[in-house]
Amino acid sequence: MKESHELVFFVNGRKIVEKNVDPELTLLTYLRRTLGLTGTKLGCGEGGCGSCTVMVSKYNRLEKKIMHITVNACLAPLCSLHRTAVTTVEGIGSSTTQLHPVQERIAKSHGSQCGFCTPGIVMSVYTLLRNNPDPTMAEIEDTLQGNLCRCTGYRAILEGLSTFAKPSKCCVQSGKQTGCCKEQFAANHLGPSNCCGQEGTENGCCKGQFGANPPGMSPRLFEPSAFKPLDPTQEPIFPPELLLPQKSPQDTLVFKGERVTWIQPTTLKELLVLKGRHPEARLVVGNTEVGIEMRMKNMLYPIILAPAHIPEMNFSCHNDTGILFGAACTLSYIGSVLKQAVDQLPSYKTEVFKAILEQLRWFAGQQVRNVAAVGGNIMTASPISDLNPVFMASGCLLTLSSEGCKRIVRMDQDFFTGYRKTMVKPQEILLSIEIPYTKKGEYFSAYKQAQRRDDDIAIVNCGMRVAFKEGTDIVEELGLSYGGMAVNTVFAKQTCKQLLGKKWNRSMLQEACSLLADELTLSPSAPGGMVQFRRTLTLSFFFKFYLTVLQKLGQDFKNDFQVEAIPPDYLSATELFHKDQPSAVQLFQEVPPGECPTDVVGQPLAHLSSIQQATGEAIYCDDLPRFENELYLALVTSTEAHAKISSIDASEALKVAGVTCFLTAKDVPGSNQTGPIFMDETVFADGVVTCVGHVIGAIVADTEAHAQTAARAVNITYEKLKPIITIEEAITHKSFHMPEKKIENGNIDLGFAQSDDIIEGEMYIGGQEHFYLETQCTVAIPRGEDGEMEIFVSTQNPTQIQTFVALALGVPANRVVCRVKRIGGGFGGKETRSSLLSTVVAVAAHKTKRPVRCSLKRDEDMLVTGGRNPFLGRYKVGFQKNGKIVALDLKLYCNAGNSLDISSAVMSRALFHMDNAYKIPNARVISYVCKTNLTSNTAFRGFGAPQAMLIAECWMSDIVAKCGLPSEQVQRLNLYQEGDTTYTNQKLEAVNITKCWDECLENSSFHNRRKAVDDFNRQHRWKKRGLAIIPTKFGISFNATFLNQAGALVHIYTDGSVLLTHGGVEMGQGLHTKMVQTASKALGIPVSQIHISETSTNTVPNTSPTAASVSSDLNGMAILNACQTLLERLEPFKVANPKGTWKDWISAAYMDRVSLSAAGFYRTPDLNYDWDKNEGRAYNYYSYGVACSEVEIDCLTGDHKNLRTDIVMDVGSSLNPAVDIGQVEGGFMQGLGYFTLEELRYSPGGVLYTRGPGAYKIPSAGDIPAQLNVSLLRESPNRKAIYSSKAVGEPPLFLAASVFFAIKDAIGTARAAAGKTGRFCLNSPATPERIRTACIDELIGMCPPAEPGTFTPWNIEV
Ligand SMILES: Cc1cc2nc3c(=O)[nH]c(=O)nc-3n(C[C@H](O)[C@H](O)[C@H](O)COP(=O)(O)OP(=O)(O)OC[C@H]3O[C@@H](n4cnc5c(N)ncnc54)[C@H](O)[C@@H]3O)c2cc1C
Ligand code: FES
Ligand code: FES
């Protein structure tokens, strides 16, 4: 074979020829590091977040057309891109030339907050529009399945993008006076997609409803009519060179790297010869398995064969028995062929095809489906493959080939021989797969249950086939295959055999379920956990299949034989999940036009960096160009939860090419002890490790790859010590970081004595990972003189970084400058934990005297930086018959992990929020901060309050259940009123909670919907709906009084432009935008004249972290203070020249030698809470809000659907309603993830299993409520904060508890249908497992859990 070593491809129209490409090099690393195209981001490195999305275009010679696909650049080997054209976000538009409409619309519709996800989202939608300039909204939503955003809550993104969508049915009124529904669709954003066509009739048109807003309230957050139209003719052309036939098409591409060789043969013969010669070689098409194995599981495959271009593996054709696909066909291609077949062939023939399409709908995101091959899915032999159960149950035929040999095998129970093993011989390859047609009287279904619906791997999945004896309902053939129930896909052989010849009726169902329960068992310690749930799912799926087949038999053979009737309320079990058309209304109070045209306070101004974010121009820490001589650092961390370090051997690591040094505790020149409150942490572990992930050392090398390879080669031995992992264990061993804290008010004993009823209970709430899209990152540059160090950090807390780095380096703080331009999300995770990395990097830079960089990999970030504290609440609550609370005795425990960090402050906030919004006359709450051997937990949006408030709503739901009264009645009865004092004896002023409550009840049509929900539930046995309304009250101020201060620095230059600096960090929350609006109003100049460059410790010193929701309040006032100083100085010049311009006054002041620079300062007044006396003001003021949510659960699988949420939020007089609504929705969605989806799973030994988007699921666009209405409370100015506004960052998060309690409401109805009434415990999050196991029924009864204590579970609640 003739070899070529030249890779030819295009990036943004530029031709690139690369020789000696390293096969381990990904497209993403190449774009970012070699080409400096940093617009494409690294969010996870495992194909799960989409921030690295680019468009890859290639010419398909067979179909003679150019194809554009989205690809995850983090998984795409650069070698795989021969003769393709790559387009990145920089290639489609820029702020300096012209914006692409996708960039413009996302930016201007407020779809970009921190902006880290934005380029990926832009490229996903751009690619869709290249293929289809007129997509439907559903297609836009599907295209975003593989893109995550942690900030926005997605609504704004979808709304901006909906302006590209065509309504699925047009009213055809275009050009007429009434206007076309298309325009209306765009104008109403996510509004009606199908116009009702009732315009002018008595009922009125649906369009009208969207226009009927309360007076003074506006739904217009942006103006779609101002958007530049999409013009497909303006797109960059496909490089003509790639349309030409290759000059030497027979050349085999070969690339040799340090560890791996990539061979891309051009013929099947050559491939088979190579496979015979290298039986251990991997065949790589999509690299979505191999890439993960090599990067995340440290596996090494020295030879890679790339068969993507071999014609015999890339085709499809129909034959007599089915459709044949080459094994290298991508899943997207298979989906399109099967869809066409389903549309064209008789329905009975395509039962298997429809099932595959249903599985593909929820299979990864489009970026993965576009490259992943069917052969890869089969040959990986994953126990949770989504396709293998379907292929096995349907008996697909597989053609296997080796040199000179070909054989066809059926995929049956013998195909998979063990964990990730098949009967395929090492020298064989999978050539093709035939997916069979079905015949009349044959039925097929596939089911999958995952933690999240979109883009998630299955917990259990299955394929089910039955064929009946002609003209009967007697089973002739049966195939039941399951994934997730063993180490490989399994065939329920015994069950299938026993059921042959049986009639398809209830007794067969009964028998099938007991057979399956016996056959598909799992050890109680089975990897993956959820044992009872998984076993129950096998029966639930069969039950659904049974009903579906009955239904189909009834339809197909109603005249031929008697088919068992299905009770009408059972039909709900057969419905597949369908998405509802999204709709949303966002309302805010319009500000009347002011006297000053430059006054934009109150206007929905777009985030000032949104254009830079959408074009990829916005610079994040790791986007800084590499410095001369720069080195890269990789952490070496503990694999034990608690142990003495016996030895550390870095000798092998130091042999790795490019390694400079290995650092440990002895390399710290200053203090190795560190910590924000107690000095109970180490820069590097010294002798003892106290959690898995404890930083022991660090490797410094020339490249990231070398540093990481070497870090893995460091050998550490341990002497294990007994760890404490859970809250329960900490309680048993009295392992606490600090003494208990107590707040007591009223007379608790008397309160209980006066109560009509008393309930005791407890609730556990799991932790939460921040999952900011930008992981922790630091670049440290030693300045070479006087111990100076400049450090760029992705942090919310530059001052702490400065302090801790100075401490570790043993220099005064004045030698360290910490600089932050922006961060890609923080949510509390970068408040104190950033210093964990930055001190290590600074020590490395100090030691090597060279710049050092480290951006944590997603799995490292999740392992070492901690998250939200898990909580346990134990309560006793006394109340009257009408539900009025009389007394509460509460114990709160939080799992703080191995160091205190700021968990004491988190607990303080929990102590102050355990009432949620309810008046408790007699209260006692005692808190315990548990010390365990987990990674230290930390701040997270809400800071302990959401946990305490969820426990409050838990005892409230118990009261409601016990009283038997409507929940909303009991809740309202207990709400705080104006003038009430809290149990911390703070008098409440301007209490807006009942206003929000009543408005939310009305906006949501609560009472009518309650009736509708009840009706629905009567008619459906296996789907239940639930409805809940939940209030929140959130105290605004840092609990640590000294932090309630801020500084600002305002420079006016002689051209009149203003450079604004303040102590807050821009992390997507729009702080800089609000601060510029504030300064603009204060100075009376346009926003365009004001710029914020960065936050740095050498401009504004001693800053508080950007946290506690108070950054606008504090920094806004400090800015106002500085501006007032400047205005005072300018006043004489204004008086002297009243008709002059801003620039005139500035010039005059300068010429008169007046300082045009002023510092501002602010401290929140009257904060004086006294813990000993339990009195004084703990908070400056409170923010209020109420949400009402409706959900639908699937009682058989635990799945749920968010149908609708209405929110009323009090943000005072909003500084910027677009930013505030973005915070409300983003906070709400983060809460929705917290309460229903996101589950951190730990081994009993304290190892975190969930370390990336593959295992840990944050909400995706598919999770937002189908209808999401947000209204900012009218007429509620707040005299306590800047321009009458209110803080908004954290308060809305808890409103997502309305979804949790709506789920609980639905479960309650399901339990009642099974004859079980009364209160029950539902811990958080309400995952499918918890929902299903709470919906008790016969099926779950057939899968009893093992006796606790008789086995070691795979995972535990911590
Ligand atoms: C973010 C993400 C989400 C995912 N979601 C899902 C999901 O929802 N459901 C699911 O089932 N899977 C999922 N996967 C797993 C994966 O995408 C699929 O298994 C995919 O089909 C693998 O195809 P590939 O071409 O990328 O495989 P590659 O990584 O290229 O190869 C995988 C393996 O198959 C072998 N192989 C490939 N082709 C052949 C052949 N013709 N003959 C012999 N051996 C061969 C290779 O040697 C290699 O060992 C996901 C993966 C990622 C990264
Ligand atoms: S970085 Fe590629 S998908 Fe997350
Ligand atoms: S804006 Fe999407 S992750 Fe921040």
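Within each chain, residues carry numbers counting from 1 in the order of the written sequence. Whichever chain is written first is A, and whichever ligand is written first is 1; the rest continue in order. With pLDDT at 70 or above as the cut-off, local features in this predicted model cover only qualifying residues; side-chain atom pairs require 80 or more to be listed or tallied, and sums for whole chains, interfaces and linings still use all residues. Hydrogens and water molecules were not included; the side-chain quantities draw on all heavy atoms of the structure.

Student: I'd like a rundown of the state of the cysteines, residues and numbers included.
Tutor: In what follows, a disulfide is any cysteine sulfur pair within 2.5 Å. One pass over the full model with this rule turns up zero disulfides. Of the cysteine sulfurs around Cys996, a residue in no disulfide, the closest is that of Cys1000, at 8.5 Å. Each residue gets one of three labels from its accessible area relative to the maximum for its type: buried under 20%, exposed over 50%, partly exposed in between, using a 1.4 Å probe on protein chains only. On the basis of relative accessible area, Cys996 is assigned to the buried category, the value being 0%.

Student: Give a description of the packing of helix H10 (residues 331-344) against helix H11 (residues 351-361) that names residues and reports values.
Tutor: Close contact between H10 and H11 brings their axes to 9 Å; oriented N to C, the two are set at 140°. Here H10 lies oblique to H11, going by the angle between them. As for how H10 packs across H11, the hand of that crossing is left-handed. Of the residues in H11, those in contact with Leu331, Gly335, Leu338, Lys339, Ala341 and Val342 of H10 are Phe353, Lys354, Ile356, Leu357 and Leu360. Lines fitted to the C-alpha atoms define the axes, with helices restricted to the stretch that makes contact. Angles between their N-to-C directions range from 0 to 180 degrees. Going along the chain from the N terminus, every DSSP run of H or I of four or more residues is numbered as a helix, and every run of E of two or more is numbered as a strand. Note on terminology: angles under 35 degrees are roughly parallel, angles over 145 are roughly antiparallel, angles of 65 to 115 are roughly perpendicular, and the others are oblique. Crossing handedness is defined as follows: a turn of the near helix away from the far one that is anticlockwise and smaller than a right angle gives a left-handed crossing, while the clockwise case is right-handed. Whether two residues are in contact is decided by their heavy atoms, any of which lying within 4.5 Å being enough.

Student: Lay out the side chain of Asn797 with the relevant residues and their values.
Tutor: Inspection of the secondary structure assignment puts Asn797 in the loop between strand E35 (789-793) and helix H23 (798-809). Residues contacting Asn797, with those up to four places away along its chain left out, are Lys830, Glu831, Thr1103 and Pro1105.

Student: Kindly report on the packing of aromatic side chains, identifying the contributing residues and their values.
Tutor: In this description, an aromatic ring pair is defined by two values, namely the gap between the centres and the angle between the planes. Working definition: a ring pair exists when centres of Phe, Tyr or Trp rings (six-membered ring for Trp) sit within 6.5 Å. Plane angles under 30 degrees give stacked, over 60 give edge-to-face, the rest tilted. In the structure shown here, the tally under the stated rule is 29 aromatic pairs. Centroid distance Phe222 to Phe227: 5.6 Å. Interplanar angle 15°. Geometry classified as stacked. By the burial criterion, Phe222 is buried, and Phe227 matches it. Aromatic side chains Phe912 and Tyr1169 sit 4.9 Å apart centroid to centroid with 80° between the ring planes, which places their arrangement in the edge-to-face category. Of the two residues, Phe912 sits in helix H26 (residues 903-912) while Tyr1169 sits in the loop between strand E46 (1157-1163) and strand E47 (1181-1194), which places them 257 residues apart along the sequence. With respect to burial, Phe912 and Tyr1169 carry one shared label: buried. Between the NZ or CZ atom of Arg858 and the centre of the ring of Phe771, over which it lies, the distance is 4.2 Å. Throughout this description, the term charge over a ring refers to an Arg CZ or Lys NZ atom that lies within 6 Å of the ring centre and within 35 degrees of the ring normal. In this structure, Arg1025 packs its charged tip against the face of Phe1016, placed 3.9 Å from the ring centre.

Student: So what's going on with the nonpolar core? Which residues, and what values?
Tutor: With 387 residues, the main nonpolar core has Tyr482, Trp504, Phe542 and Trp955 as its most contacted residues. Ranked by the residues each element gives to this core, the list is headed by helix H17 (residues 531-556), at 13 residues. In contact with Phe542, other than residues within four places in its own chain, are Met464, Leu480, Tyr482, Trp504, Met508, Leu509, Ala512 and Leu516. Within the second largest apolar cluster, 35 residues are counted, among which are Ala76, Leu253, Val290 and Ile292. Buried Ala, Val, Leu, Ile, Met, Phe, Trp, Tyr and Cys residues that are joined via side-chain atoms within 4.5 Å together make up what is termed a nonpolar core.

Student: Explain the pattern of salt bridges residue by residue, including any values.
Tutor: The salt bridge criterion pairs a side-chain nitrogen of Lys or Arg with a carboxyl oxygen of Asp or Glu, the two atoms within 4 Å. Under the counting rule described, the total for this entry stands at 69 salt bridges. As a salt-bridge pair, Glu1094 and Arg819 come within 3.0 Å of each other at their nearest N and O atoms. Remark: Arg819 occurs in strand E36 (residues 816-820) and Glu1094 occurs in the loop between strand E44 (1090-1092) and strand E45 (1095-1096); sequence separation between them is 275 residues. A salt bridge links Arg1204 to Asp1206; its shortest N-O distance comes to 2.7 Å. Given a relative accessible area of 14%, Arg1204 falls into the buried group. The structure contains a network of salt bridges with shared partners spanning Arg32, Arg33, Lys41, Asp622, Asp623, Arg626, Glu630, Glu704 and Arg853.

Student: Provide a residue-level description of the site of ligand 1, including the pertinent values.
Tutor: Taken together, 32 residues lie near ligand 1, and Val285, Thr288, Ala373, Asp386 and Leu430 sit nearest. What qualifies as a polar contact is a pair of N or O atoms within 3.5 Å, subject to a donor-acceptor requirement within protein and to the restriction that residues adjacent in sequence count only when both atoms come from side chains. Contact between ligand 1 and Thr288: an oxygen atom at 2.6 Å from a side-chain N or O atom of the residue. Note that an oxygen atom of ligand 1 is positioned 3.4 Å from one of the side-chain N or O atoms of Lys448. Surface exposure here means Shrake-Rupley accessible area, sampled with a 1.4 Å probe, where a residue is shielded only by the protein chains that are shown. Isolated, ligand 1 exposes 990 Å² of accessible area, and the fraction of that covered by the protein chains is 93%. The set of elements that each furnish at least two residues to the shell around ligand 1 consists of strand E10 (282-283), helix H13 (374-380) and strand E18 (429-436). Here the element with the most residues in the shell around ligand 1 is H13; it accounts for five residues. Throughout this document, a residue counts as near a molecule or strand when at least one of its heavy atoms sits within 4 Å of that molecule or strand.

Student: Please give an account of the packing of helix H34 (residues 1217-1236) against helix H35 (residues 1297-1313) that cites residues and values.
Tutor: If you want to describe how two helices pack, look at the angle between their axes and the distance between the axes. The contact between H34 and H35 brings their axes to 8 Å, and the two run at 40°. Classified by the angle their axes make, H34 and H35 are oblique. Counted together, Phe1228, Leu1232, Phe1235 and Thr1236 of H34 and Ala1297, Ser1298, Val1299, Phe1300 and Ile1303 of H35 form the full contact between these two elements. Any residue outside Ala, Val, Leu, Ile, Met, Phe, Trp, Tyr, Cys, Pro, Asp, Glu, Lys and Arg is labelled polar, Gly included; the first ten of those are nonpolar and the last four are charged. Classifying every residue of the contact of H34 with H35 gives seven nonpolar, two polar and no charged.

Student: Pulling in residues and values, what's your account of the sheet that holds strand E42 (residues 1045-1052)?
Tutor: Strands are labelled as partners when DSSP assigns at least two bridges between them. Strands sit in the order E44-E43-E42-E46 across an open sheet of four strands; the sheet is mixed. Strands at the two margins of the open sheet, each flanked by one partner only, are E44 and E46. Within the sheet, the average angular offset between the axes of one strand and its neighbour, ignoring direction, is 25°. Two strands pair when backbone bridges link them, and E42 and strand E43 (residues 1058-1062) are joined in this way by five bridges, in the antiparallel orientation. Considered in E43, the bridge of Ile1052 is made with Val1058. Taken strand by strand, helix H31 (residues 1071-1083) contacts E43 and E44, and its axis lies near 125° from that of E43. Running over the sheet, helix H32 (residues 1111-1136) touches E42, E43 and E46 and is turned about 140° from E46.

Student: Explain helix H2 (residues 101-108) residue by residue, including any values.
Tutor: Of all eight residues in H2, seven are buried; the element is thus mostly enclosed. What H2 keeps buried is the set Pro101, Val102, Gln103, Glu104, Arg105, Ile106 and Ala107. Contact partners of the buried residues in H2: helix H3 (118-131), helix H5 (155-161) and helix H18 (610-615). Just downstream of H2 lies His110, where phi reads positive at about 70°.

Student: Give me the confidence of the model for the protein: which residues, what numbers.
Tutor: Of all residues in the protein, 96% have pLDDT values of 70 or greater, and the mean over the chain is 94. Considering only residues more than four positions removed or in separate chains, one finds that residues 180-211, a stretch of pLDDT under 50, has 68 contacts. Each residue carries a pLDDT value, the predictor's own confidence for that position, ranging from 0 to 100.

Student: Tell me about the side chain of Asn937, and please be specific about residues and values.
Tutor: Looking at where Asn937 falls in the secondary structure, it is placed in the loop between strand E40 (922-931) and helix H27 (945-963). For Asn937, a relative accessible area of 3% corresponds to the buried category. Polar contacts involving the side chain of Asn937 include one to the main-chain amide nitrogen of Gly867, which spans 3.0 Å. Those residues in contact with Asn937, other than ones at most four positions away along the chain, are Gly866, Gly867, Arg868, Asn869, Pro870, Asn895, Ala896, Asp901 and Ser903.

Student: Go over the pairing of strand E21 (residues 475-483) with me, naming the residues and quoting the values.
Tutor: Of all nine residues in E21, seven are buried, a share of seventy percent or more. As judged from the eight bridges shared by strand E20 (residues 458-468) and E21, these two strands associate in the antiparallel manner. Considered in E21, the bridge of Gly463 is made with Ser481. Relative to strand E22 (residues 490-491), E21 is paired through two bridges, and the arrangement is antiparallel. When the bridges of E22 are listed, Ser481 appears paired with Phe491. Between E21 and E22, which pair antiparallel one after the other, the connecting turn spans six residues, and Gly484 there sits at a positive phi close to 85°.

Student: I'd like to hear about the sheet that holds strand E2 (residues 6-11), residue by residue, with values.
Tutor: Spatially, E3-E2-E6-E4-E5 is the arrangement adopted by the five strands of the open sheet, whose pairing is mixed. Here the strands that pair on one side only, and so sit at the sheet edges, are strand E3 (14-19) and strand E5 (65-72). Along the sheet, successive strands turn relative to each other by an average axial angle of 30°, direction set aside. Here E2 pairs with strand E6 (residues 85-87) via two bridges, running parallel. Following the sheet pairing, Phe10 is matched in E6 by Ala85. Packing against the sheet, H3 makes contact with strand E4 (53-60), E5 and E6, and its axis sits at approximately 30° to E4.

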